[in-house]
Amino acid sequence: MDAFRTPTLSIFCLLPLALGVLVGCDSGGSGMDEGSVPDQISYDLSAQSNDGAAPSGVSGTVTFWRAGPDSSLVTLNLDADATVGSVSHPAHIHNNSAEEGGGVEYYLSAVNGSAPNGTSARKIGVPIEELARFDGHVNVHESPENIGNVVAQGNIGTNADGNRGDGLDFVNDRRATTYSLNASTTNGSVLSGGVESTVRLEELTSSKTLVTYTLDISGSVNDANGNSVDVAQIGHIHQESLEEAQADEPGAGGISNSEDDGFSGYLGSIAPTDTAAKSSRIIEASYDKLTGYDGYVNIHQSNANAQYVFAQGNIGANATGGGSGSSADVTVTVTNVGTSAWEVTDVSGASGVAQTGTDNPTLTLKVGTRYRFENNGGSNHPLGFQDGSSSYLLNQDGSGSLEGNSDVNYEEDSEGITFTYAQALADEVASYRCTVHSQMEGDVQN
């Protein structure tokens, strides 16, 4: 069965999308039939009764968006009135059809049930063509505790009719900024010792920003906690600075909301089994507004125990230097091909940096440009930059000789490294490589 047959004018045309972009239902020929895939594909998620178990079910949509030549953005839009406020709803893309059942292929960001809208987002390092032809289905679960209770389900890819759309109107040279969150000890039962984390703002359109928070742990929350966790972690953008909130100043500390701030500060949730330990949500606010916002971020134990905050930090106007130290002109996403090679899956902010889709491509970097390398290879594949003698100049897994150079302004976190390609670095660098697997190495040129 093709991923797209001739669509019918159905209720799909009436469902609101999380991004506020019309689906663009098409009664004409299928894009797949013509050998092409559109920039947006939406699939119906049907409420599941679960033999009377509560909740009775949640309907919604899952949408694939072309985010680059080798990456896709996957958004969930659930009926917010039917979600359960006391929990978060884990979601996954599974193998095979819903009727056949299958294992988890991709984790999606869990939906925060207490949010005023039932949305989440996740960037996946595969092209939309691969998702459009994938033999799979999506499951949305009641909660981590009741993971066997599926509240929404729908076939995707080769197993379903998809609605076609025009995709997002991305801005040229998309910008990104990463803020550090400090660990905070709690009296809770999950990550009570605190966890250093990051919040990343990625510009999408003139009015939409992808906000991703990531816990600096190795593996899942289950791994870090040492036992099975039955709640999902949640995050919010709050009003005013962290210092003002801690001083209990009037009006400080509330969750950002549409009436006061023009956007909802509810972020996605992290399912405790998610090996990436991260979550994303699209905020309906411009990148400039958020990077200049008077606010901070809290990461909480769960919906029911939000009083336990294990990571927090200022963002926007309240961050040191307004976040400029972590902002990047160009963001390069790399991932591992087993242990044999690096692959560049996405570049935003410039062209000509690397040829995507090839193993260990040569990187062409420009002096004076600030680069962010998102390392989807994870902790098993730390990223380093070497000179001609194979000595490290920058090293995600250790130390590099230029990491203290003020012009380079090197920063690293659990998701990657950020640096300015200063002349001192350009004069010495010869290659980039995985610090563990020597065959994962490519050249760097000016």
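Structure shown above.
Residues numbered from 1 in each chain as written. Predicted model: local features only at pLDDT ≥ 70, side-chain atom pairs only at ≥ 80, totals over all residues. Heavy atoms only, no water.

1. A look at the side chain of threonine 345
Note on placement: threonine 345 falls in strand 19 (residues 341-348). When neighbours within four sequence positions are excluded, threonine 345 is seen to be in contact with Asp70, Ser71, Gly125, Thr333 and Thr335. (Helix = DSSP H or I, 4+ residues; strand = E, 2+ residues; numbered from the N terminus. Contact = heavy atoms within 4.5 Å.)

2. Notes on the layout of surface pockets
Of the volumes computed, that of the largest pocket is approximately 1,300 Å³. The wall of the largest pocket is formed by 47 residues, among which Ala276, Lys278, Asn375, Asn376 and Gly378 lie closest to the centre. Here the residues of the lining of the largest pocket are counted per class, giving ten nonpolar, 21 polar and 16 charged. (1 Å grid on protein atoms, 1.4 Å probe; cavity = no way out; pocket = protein on both sides within 12 Å on 5 of 7 lines; lining within 4 Å. Points joined across faces, edges and corners; volume = space filled by probe spheres on them. Nonpolar A, V, L, I, M, F, W, Y, C, P; charged D, E, K, R; others polar.)

3. Notes on the sheet that holds strand 22 (residues 383-387)
One open sheet accounts for five strands, arranged 20-27-26-22-23; its pairing is mixed. Of all the strands in the sheet, the pair left with one neighbour each is strand 20 (363-364) and strand 23 (392-395). Where strand 26 (residues 429-434) lies against strand 27 (residues 441-445), three bridges are found, and the strand directions are antiparallel. Following the sheet pairing, serine 431 is matched in strand 27 by aspartate 443. (Pairing = 2+ DSSP bridges.)

4. Considering the sheet that holds strand 21 (residues 370-375)
Taken in spatial order, the five strands of this open sheet run 19-18-21-25-24, and their pairing is mixed. Both outer strands of the open sheet, strand 19 and strand 24 (411-413), are each paired with one neighbouring strand and no more. The sheet shows a mean angle of 20 degrees between the axes of neighbouring strands, direction not considered. Bridge analysis of strand 24 against strand 25 (residues 416-420) gives three bridges, and the strand direction is antiparallel. Bridging from a neighbouring strand, aspartate 413 pairs with glycine 416 of strand 25. (Axes fitted to C-alpha atoms, helices over the stretch in contact; angles between N-to-C directions.)

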